Amino acid sequence: MADNIDIKVEFTGGLEMLFSDKRNHKISLPAVDSDGQPANVAFLIKYLCENVMKSQKKDLFVLDGSVRPGILVLINDADWELEGEDQYELQAGDNVVFVSTLHGG
Amino acid sequence: MSGYSTNSIDSTVARLRQRVQETEAALASLKRDLANAETQAREAHDLSQAYQGGMPLGWQEDVFAALSHTLSNESTGPEPYQSQTADHGVEEAGEEDEEEEEPGDWKWPLRAEEYRRYGRQLIMPEVGLQGQLRLRNAKVLVVGAGGLGCPAAAYLAGAGVGTLGLVDGDTVEISNLHRQVAHSSQRVGMKKVDSAVEYLRGLNPNVNYRCYREHLVPQQALEVFSAYDLVLDCTDHPTSRYLISDACVLAGKPLVSASALRTEGQLIVLNNPPRRPGDTDGGPCYRCVFPKPPPAESVVSCGEGGILGPVVGAMGVLQALEAIKLIARGDHLSTVSDDTPMADSTDGEVPSPKAPTASPPTMLLFSAYSSPQFRSIRMRSRRPNCAACSAQATITPESLTSGSLDYVAFCGVTNPVTLLGQEERITPSDFANLALASPDAVLIDVRDTTQFELCNLPGSINIPWSKFPDVVKQEAVPLGKDVFVVCKLGNDSQMAVKVLQEAGSTGRVRDIKGGFRAWKAEVDPSWPEY
Ligand SMILES: [Zn+2]
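Overview of the structure. (Residues numbered from 1 in each chain as written. Chains lettered and ligands numbered in written order. Predicted model: local features only at pLDDT ≥ 70, side-chain atom pairs only at ≥ 80, totals over all residues. Heavy atoms only, no water.)

**Considerations on the nonpolar core**
In terms of nonpolar packing, the biggest core is built from 47 residues, with Leu156, Leu164 and Leu232 of chain B touching the most fellow members. Ranked by residue count, the leading element in this core is helix H12 (residues 309-329) of chain B, at nine residues. Filtering out sequence-adjacent residues up to four positions away, Leu232 of chain B remains in contact with Val140, Leu141, Val142, Val143, Ala152, Leu156, Leu255, Val256, Gln319 and Ala323 of chain B. Membership of the second largest hydrophobic core comes to 42 residues, among which are Leu72 of chain A together with Leu243, Tyr286 and Cys411 of chain B. (Core = buried A, V, L, I, M, F, W, Y, C linked by side-chain atoms within 4.5 Å. Buried < 20%, exposed > 50% of the residue type's maximum accessible area, 1.4 Å probe, protein only. Helix = DSSP H or I, 4+ residues; strand = E, 2+ residues; numbered from the N terminus. Contact = heavy atoms within 4.5 Å.)

Shown next as structure tokens:
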């Protein structure tokens, strides 16, 4: 089994500001988490907070153990609610987008 | 009975079943042939009549009438528009009288001017005569007359929507004009809805405009929405977005929702088809997609974050497009359910179309500086426990109209930042006097570099707040000196002072209370306001 899964992660809607003003990230994610379970989106979110996020304002990304309200998570261009939410097991080549909803008009 | 085995009975049944199927198939085939033959016979009959009969009598009369017609101003033709009765509390900005040009015996479904004005969209199969009649009979409500509402309303008025309602309590400011294209420099200070209607009436005087000069409130939302076929959310805050969605679900109206900030925009058609709460065939509502509001401190306005005019303009134009598609198809006319009142289309009856096929909901994301710029994402359907549109809905017409739903409390409010005590803060006037007397003090401006370049105080050092903690960690800020910190409004500057204190600063560290907004008010009126 491969040790890492290579995926693409994208931040938009202002979330990129929490990640060094960079929208597109290539992430090489450990294929299993610390409990030996296959890497899922919940694990990815934790990984991003601990390894990729530069900003102090963590609560603009995660709140109560998951992404904060007002952030859509898209797995291969579908709302993650169609894919099993944070339990979705990541595959190599997956494209995960975190979008903050906008309110201006 | 011993002569028959069960085997032979079974085979008899099977044989008969086979015969029945064959006969039914043959019958169906015969019926198809008959229908085709009838159609051909009808066509042949019509054609032979046309060849033999010359011009029908009616045509001849029309031609003689046209030849003898002398142009006159009198018009007795049927008035193609319904007469609108004003809702109470709403000012009708009614259509202007225009010169009637049709002869009294005008017999076409649209007026001559309408054929000319809408000709370029009329000849498209996506619109056509039926689509145009549906547009003319449609009543569309645009909530918000800003960066989204201006272009959306302009294209809807241009397309010939019969009634266009505009809701907004704001007045036009000069900082609106780079994107809110219906307003003008001359109309700064005017109510936005009045300014917009002035522009729209110049564009198309044939539309019936209705002005609502206050912000939408829960108590009136249902009553207002019930008079329309379709609602556009062109507002700029989560509180109004939840309110508009709830009212659309309860009133049974589809909702075209868009938003924009900086270089990005989002668009989604909600509650389409607008089935009643509990009907899982209905489209998802705003609460299905966003059951919980975002934390108040994560909500960034265009005033704080900035906005490119064409970005929000593109989203408003796309809202108008979705509205026109929906209306021209006649989706808004299909019956919602037995007891939900729907659009009362009494005049110029347009054949009611088949119920819309619910296409899976999608959200369109636009990002001006990404490639590709547009991305369509598949969204969820109605949420089984949605507070507004599910069988377990807790939001009812009564709870909405009574005002018991507090949308402001639901979405939360940001409290003013007060991290520092009085001795850690200095007023702009005191700073102006002190700065002259203490040449060693350092002034740090924590605004973005982009803002710093617009205007800054001589000698000030720019360390943007987003990078501030890192810069302090790298010991790039002198910790032994007296430091003043300033920003736009006096919030980030307080947090920066805290960071310096926690890093062990030995000098006296203070922030300038109220930032540059207070600086302009108290010290330097020439400081540019942006
Ligand atoms: Zn819902």
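**A short note on the packing of helix H5 (residues 128-137) of chain B against H12 of chain B**
Residue and element names in this part refer to chain B. Contact pair H5 / H12: the axes reach a minimum separation of 7 Å and the direction vectors enclose 110 degrees. When the interaxial angle is binned, H5 and H12 end up roughly perpendicular. For the element pair H5 and H12, the recorded crossing hand is right-handed. Residues Gly131, Arg134 and Leu135 of H5 pack against Ile324, Ile327, Ala328 and Arg329 of H12. Class assignment of the residues belonging to the contact of H5 with H12 gives a composition of four nonpolar, one polar and two charged. (Axes fitted to C-alpha atoms, helices over the stretch in contact; angles between N-to-C directions. Parallel < 35°, antiparallel > 145°, perpendicular 65-115°, else oblique. Left-handed = near helix turned anticlockwise from the far one by under 90°. Nonpolar A, V, L, I, M, F, W, Y, C, P; charged D, E, K, R; others polar.)

**With respect to the pairing of strand S3 (residues 163-167) of chain B**
Residues and elements named next belong to chain B. When you tally the buried positions in S3, you get five out of five residues, the bulk of the element. Of the two faces of S3, both are covered, the one formed by Thr163, Gly165 and Val167 as well as the one formed by Leu164 and Leu166. Examined bridge by bridge, strand S2 (residues 139-143) and S3 share five bridges and lie parallel to one another. Note that in S3 the partner of Val143 across the bridge is Val167. Since S2 and S3 lie parallel, the crossover through helix H6 (residues 149-159) that links them has a hand, and here it is right-handed. Where S3 and strand S4 (residues 208-212) come together, five bridges link them in parallel fashion. Among the inter-strand pairings, Thr163 is bridged to a residue of S4, identified as Asn208. (Pairing = 2+ DSSP bridges. Right-handed = clockwise from strand over helix to strand, strands pointing away.)

**Thoughts on unusual backbone geometry**
Here the amide bond leading from Asn272 of chain B into Pro273 of chain B is cis, since omega sits at 0 degrees, within 30 degrees of zero. By secondary structure assignment, the location of Pro273 of chain B is in the loop between strand S7 (264-270) and helix H10 (286-289). Residue Pro372 of chain B is reached from Ser371 of chain B by a cis peptide bond, and omega for that bond is 0 degrees. Looking at where Pro372 of chain B falls in the secondary structure, it is placed in the loop between strand S8 (362-367) and strand S9 (374-378). Of note in this structure, Asn76 of chain A is not a glycine but carries a positive phi near 50 degrees. Positive phi values are uncommon outside glycine, yet Asp77 of chain A reaches one of about 65 degrees. Relative to the assigned elements, Asp77 of chain A resides in the loop between strand S5 (71-75) and strand S6 (78-79). On the accessibility criterion, Asp77 of chain A (28% relative accessible area) is partly exposed.

**Comments concerning the interface of chain B and chain A**
Contacts between chain B and chain A engage 43 residues on the former and 31 residues on the latter. Counting the surface lost from both chain B and chain A, the interface buries some 2,800 Å², and carbon and sulfur atoms represent 54% of this. Interface area lost by chain B to chain A is led by Glu264, Arg375 and Arg378 of chain B, which between them contribute 21%. Between chain B and chain A we count 15 residue pairs in polar contact (both at pLDDT 80 or more) in total. The element best represented in the side of chain B that touches chain A is S9 of chain B, accounting for four residues. (Buried area = accessible area lost by both parts, 1.4 Å probe. Polar contact = N/O pair within 3.5 Å; in protein donor to acceptor, adjacent residues only side chain to side chain.)

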